[in-house]
Amino acid sequence: MEENRESNSSNVSLTEYFLVWILICLPKDISDIFFNLFGGIGLIINRFTTIGVMIPLFLWAIIRLKKFPFKSFFFTSGIEITPGSGMFLTWSGWIIYLYLKQKSEENVLKRI
């Protein structure tokens, strides 16, 4: 029974979430704010950087998370691609959401 509980929860540590956030998500969110200052050319550059961030985050989520978060990943991607939404820290929010979701699932499993 204990093995079943462990297989349902992700084994991604806080350190790994922090590294993904500090190395991928935070630089992208900061660059979004910077690129929004440049108008049209900034929006074009922003699309390329968004794709450049989506690929490693997608691969990380597929490899490391037990269940890929389709809805939240594509919702966040949609916000990122929307023009003028660069002031929101969407990728940072996504990582925080995944971490909090994992912790809440672990707490539920501990109570069972």
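Residues numbered from 1 in each chain as written. Predicted model: local features only at pLDDT ≥ 70, side-chain atom pairs only at ≥ 80, totals over all residues. Heavy atoms only, no water.

Enquirer: I'm lost on the overall build of the protein chain in this one. Help?
Expert: Assigned secondary structure in the protein chain consists of five helices and zero strands. Listing every helix and strand of the protein chain by position from the N terminus yields α-α-α-α-α. In the protein chain, which comprises 112 residues, the proportion classed as buried is 35%. Nonlocal contacts in the protein chain, meaning residues at least 24 apart in sequence, comprise 71% of its contacts between residues at least 6 apart. Accessible area for the protein chain stands at about 7,100 Å²; split by element, carbon and sulfur atoms hold 72% of it. Within the protein chain, one finds 11 positive and 9 negative side-chain charges whose respective centroids are separated by 4 Å. (Helix = DSSP H or I, 4+ residues; strand = E, 2+ residues; numbered from the N terminus. Buried < 20%, exposed > 50% of the residue type's maximum accessible area, 1.4 Å probe, protein only. Contact = heavy atoms within 4.5 Å. Areas by Shrake-Rupley, 256 points an atom, 1.4 Å probe, with all protein chains shown as cover. Lys, Arg positive; Asp, Glu negative; His and termini not counted. Charge placed at Lys NZ, Arg CZ, Asp CG, Glu CD.)

Enquirer: Quick question: what am I supposed to make of the environment of Ser 85 here?
Expert: Within the element layout of this structure, Ser 85 appears in the loop between helix H4 (70-81) and helix H5 (90-111). Discounting residues that sit within four places of it in the chain, Ser 85 has contacts with Asn 36, Ile 79 and Glu 80.

In short, shape yes, function no, at least from these values alone.
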